[in-house]
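One letter stands for each residue in the lines below.
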Amino acid sequence: GTLYRFTPITLGTNEMELNENNFISIYPNPTSSVLNITTFNDTIIDKTIILDLFGRTVLEQKNRVNQINLHELPSGIYILQAFSENKTFQTKFIKE
């Protein structure tokens, strides 16, 4: 059979590993208006996508993203996908 490896995503976790040398941090989580993205080791975020829990894209930004304005989103739990070259970062966050 096929063995699948799943990495759990935990709410409130602010750092997720892109690979063993590159990290990204989001804050604050939960947030009421703006989500900040900090990268380490010269990682540049080229695009971000915010998904609702049904997998629908609710917001997309391109070109060196380091802050996302969430004022227009209703309160809830969302998934942030951040893309850097061939790497993908994904985590959940709460919009209050």
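Please refer to the structure higher up on the page.
Heads up: these notes are all about the structure in this document. (Residues numbered from 1 in each chain as written. Predicted model: local features only at pLDDT ≥ 70, side-chain atom pairs only at ≥ 80, totals over all residues. Heavy atoms only, no water.)

Here we look at the overall build of the protein chain
- A tally of regular secondary structure across the protein chain gives zero helices and eight strands.
- Taking all 96 residues of the protein chain together, the buried fraction comes to 33%.
- The contacts of the protein chain with a sequence gap of at least 6 include a subset with a gap of at least 24, amounting to 46%.
- In the form shown here, the protein chain has an accessible surface area of approximately 6300 Å², with 47% of it arising from carbon and sulfur atoms. (Helix = DSSP H or I, 4+ residues; strand = E, 2+ residues; numbered from the N terminus. Buried < 20%, exposed > 50% of the residue type's maximum accessible area, 1.4 Å probe, protein only. Contact = heavy atoms within 4.5 Å. Areas by Shrake-Rupley, 256 points an atom, 1.4 Å probe, with all protein chains shown as cover.)

Topic: the pairing of strand E5 (residues 57-62)
- Pairing of strand E4 (residues 47-51) with E5 involves five bridges; the strand directions are antiparallel. Looking at E5, one finds that Lys47 is bridged to Lys62.
- Taking the residues that link successive antiparallel strands as the turn, the E4-E5 hairpin has five residues, and the phi of Gly55 there is positive, at about 85°. (Pairing = 2+ DSSP bridges.)

So, the packing of aromatic side chains
- Under the criterion given, the structure shown has one aromatic pair.
- Consider the rings of Tyr78 and Phe93, whose centres lie 5.9 Å apart with planes at 25°: the pair is stacked. In this pair, Tyr78 sits in strand E7 (residues 76-84) while Phe93 sits in strand E8 (residues 87-95), placing the two residues 15 residues apart along the sequence. Both residues of the pair, Tyr78 and Phe93, belong to the buried class.
- In this structure, Lys47 packs its charged tip against the face of Phe83, placed 5.2 Å from the ring centre. (Phe/Tyr/Trp six-rings, centres within 6.5 Å; stacked < 30°, edge-to-face > 60°. Lys NZ or Arg CZ within 6 Å of the ring centre and 35° of its normal.)

So, the nonpolar core
- If you look at the biggest cluster of nonpolar residues, it comprises 15 residues, and the most contacted ones within it are Ile26, Leu35, Ile37, Ile50, Ile68, Leu80 and Phe93.
- When residues of this core are assigned to their parent elements, the largest contribution, three residues, is made by E7. (Core = buried A, V, L, I, M, F, W, Y, C linked by side-chain atoms within 4.5 Å.)

Remarks on the side chain of Thr48
- Note that Thr48 resides in strand E4.
- The residues touching Thr48, leaving out its near neighbours within four places in the chain, are Ile37, Leu59, Glu60, Gln61, Val65, Ile68, Leu80, Gln81 and Ala82.

Quick word on unusual backbone geometry
- Here Tyr27 and Pro28 are connected by a cis peptide whose omega angle stands at -15°.
- As for its placement among the helices and strands, Pro28 is situated in the loop between strand E2 (22-27) and strand E3 (34-39).
- For the bond running from Asn29 to Pro30, omega is 10°, close enough to zero to count as cis.
- Secondary-structure assignment places Pro30 in the loop between E2 and E3.

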